[in-house]
Amino acid sequence: MKRLKRYSRIVLTMLWLAMSAGAVGVYAYRHFRFPSVPETFPNGELVIAIDPSYPPFGNIVEDTFVGLDIDIGKALAAELGLTPRFVMVNFDSAYDAVRTGAADISLAGLRVDTARMGDVHYTWGYLNDGVMVVSSSASADGWALGGMRVGVELGAAGHAEARLWSRRVKAMGIETFETPDGALDALERGNVDAVLADAISVRDYLRRHPNADFRAGYLTAEFYSGAVRSGRRDVLYHLNGAMLTLLNDGTIGALLERHIGAEPQAVSP
């Protein structure tokens, strides 16, 4: 009998805990769930801050906003069932637009900046503009640079990365050029063995030189992303969901190819 009573108490205690957990779950869902899209954007608009002076991200052609960020903004709005509305900013005011609530998201050619993360949240990155190592061989990574002549744009991020790798591998030579095109032209002619350059420059070059037989791989990551006001996690939640869908279904990839060129042929790890 004592065992039966003890067993009954255990069962009742477990049932009470389960009911309590369920009640807490219902309360949390009702009070801490993210608002729906109509609740988050009650006017039915996605207000997007853009910089139309920074092609290929933003530009004005015949009094019309055009560019990569404009097309991404339109795609995000369509995915959320909203109407896009663009407000014009420059780089200095791109963050102010979301901090003051003048825009829901700033798509103004912004790179993720950890120093600003106290004021804004960043969405999923839509473009990696990190330094790439480009070569005509089947091997394109940093550790393969030993003994190579490496072309870089003088003073650019690729130049700084090349100096780092010159201390990691043996007999690596660095040759500087005035532009990334100059370095990539030298690679095509066989005057250097590899080039370190930012991804946008590489993609743009390959768009203009479709017969160049290059392989490429990333050495660093520098993401372009949208910025949302720090307190608006509901906005971030919906925009990140839409951005992830557009990344996964190929929409972003197609826009990147249209505006800056296709992703270079990657080397298998």
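Residues numbered from 1 in each chain as written. Predicted model: local features only at pLDDT ≥ 70, side-chain atom pairs only at ≥ 80, totals over all residues. Heavy atoms only, no water.

1. Remarks on the overall build of the protein chain
Helix and strand counts for the protein chain come out as 9 helices and 14 strands. Across the 269 residues of the protein chain, 40% fall into the buried class. Of the contacts formed within the protein chain by residues at least 6 apart in sequence, a portion of 75% connects residues at least 24 apart. A total of about 14,700 Å² of accessible surface is found on the protein chain, and carbon and sulfur atoms cover 55% of it. (Helix = DSSP H or I, 4+ residues; strand = E, 2+ residues; numbered from the N terminus. Buried < 20%, exposed > 50% of the residue type's maximum accessible area, 1.4 Å probe, protein only. Contact = heavy atoms within 4.5 Å. Areas by Shrake-Rupley, 256 points an atom, 1.4 Å probe, with all protein chains shown as cover.)

2. Describing the packing of aromatic side chains
If you walk through the whole model with that rule in mind, you get 6 aromatic pairs. Ring geometry for Tyr95 versus Tyr122: centroids 6.5 Å apart, planes at 85°, classification edge-to-face. Of the two residues, Tyr95 sits in helix 4 (residues 94–99) while Tyr122 sits in strand 6 (residues 120–122), which places them 27 residues apart along the sequence. The exposure classification of Tyr95 matches that of Tyr122, with both residues buried. Taken together, the ring pairs connect Tyr54, Phe57 and Tyr224 into an aromatic cluster. One cation-aromatic arrangement involves Arg168 over Trp165; the distance from NZ or CZ to the ring centre is 4.5 Å. (Phe/Tyr/Trp six-rings, centres within 6.5 Å; stacked < 30°, edge-to-face > 60°. Lys NZ or Arg CZ within 6 Å of the ring centre and 35° of its normal.)

3. Focus: the pattern of salt bridges
Scanning the entire structure with this criterion turns up 14 salt bridges. A salt bridge links Asp213 to Arg215; its shortest N-O distance comes to 2.6 Å. Using a relative accessible area of 47% as the deciding quantity, one classes Asp213 as partly exposed. Accessibility expressed as a relative area gives 22% for Arg215, which makes it partly exposed. One salt-bridge network, held together by shared partners, links Asp181, Asp204, Arg207 and Arg208. (Salt bridge = Lys/Arg side-chain N within 4 Å of Asp/Glu carboxyl O.)

4. Considerations on helix 6 (residues 180–189)
Of all the residues in helix 6, the buried ones are Pro180, Ala183, Leu184, Ala186 and Leu187. Looking down the long axis of helix 6, one finds its buried residues gathered within 155° of arc, a one-sided arrangement. In the core, the buried residues of helix 6 are packed alongside strand 8 (131–135), strand 9 (149–153), strand 10 (173–177), strand 11 (194–198) and helix 7 (199–208). Backbone geometry just after helix 6 places Gly190 at a positive phi near 85°. (Arc of directions from axis to C-beta.)

5. Considerations on helix 8 (residues 233–248)
Residues separated by three or four positions in an α-helix point in the same direction, a consequence of the helix having 3.6 residues per turn. Its 16 residues place the ends of helix 8 22 Å apart at the C-alpha level, agreeing with the 22 Å of an ideal helix rising 1.5 Å per residue. Looking at the residues trailing helix 8, positive phi occurs at Gly250, about 90°. (Expected span 1.5 Å × (residues − 1).)

6. Topic: unusual backbone geometry
A cis amide bond, omega 5°, links Pro55 with the succeeding residue Pro56. As for its placement among the helices and strands, Pro56 is situated in the loop between strand 1 (45–50) and strand 2 (59–61).

7. Concerning the nonpolar core
By size, the foremost hydrophobic cluster in this structure holds 31 residues, and its most contacted members are Leu46, Ile72, Leu76, Ile105, Tyr126, Leu127 and Leu239. Those elements giving two or more residues to this core turn out to be strand 1, helix 3 (68–80), helix 8 and helix 9 (251–260). With 7 residues, the single largest contributor to this core is helix 3. (Core = buried A, V, L, I, M, F, W, Y, C linked by side-chain atoms within 4.5 Å.)

8. Comments concerning the packing of helix 6 against helix 7
Where helix 6 contacts helix 7, the axes come no closer than 10 Å and their chain directions differ by 55°. By the angle between their axes, helix 6 is oblique relative to helix 7. The handedness of the crossing between helix 6 and helix 7 comes out as right-handed. Residue-level inspection shows Pro180, Asp181, Leu184, Asp185 and Glu188 of helix 6 in contact with helix 7, the latter providing Ser201, Val202, Tyr205 and Arg208. A per-class count over the contact of helix 6 with helix 7 returns 4 nonpolar, 1 polar and 4 charged. (Axes fitted to C-alpha atoms, helices over the stretch in contact; angles between N-to-C directions. Parallel < 35°, antiparallel > 145°, perpendicular 65-115°, else oblique. Left-handed = near helix turned anticlockwise from the far one by under 90°. Nonpolar A, V, L, I, M, F, W, Y, C, P; charged D, E, K, R; others polar.)

9. Quick look at the sheet that holds strand 12 (residues 215–218)
Strand order across the open sheet formed by 5 strands is 10-9-11-8-12, with mixed pairing between neighbours. If you trace the sheet from one side to the other, it starts and ends with strand 10 and strand 12, each paired once. Neighbouring strand axes in the sheet, compared pairwise and without regard to direction, differ in orientation by 25° on average. Judged from the 4 bridges that link them, strand 8 and strand 12 form a sheet pairing that is antiparallel. The residue bridging Val133 from the neighbouring strand is Gly217, located in strand 12. (Pairing = 2+ DSSP bridges.)

10. Side note on the confidence of the model for the protein chain
Of the residues in the protein chain, 86% have a pLDDT of 70 or more, and the chain-wide mean is 88. Here helix 1 (residues 2–32) is the element of the protein chain with the lowest mean pLDDT, 48, and helix 3 is the one with the highest, 98. Residue range residues 15–29 is modelled with pLDDT below 50. Its contacts to residues more than four positions away, or to other chains, number 2 contacts. (pLDDT = per-residue confidence, 0-100.)

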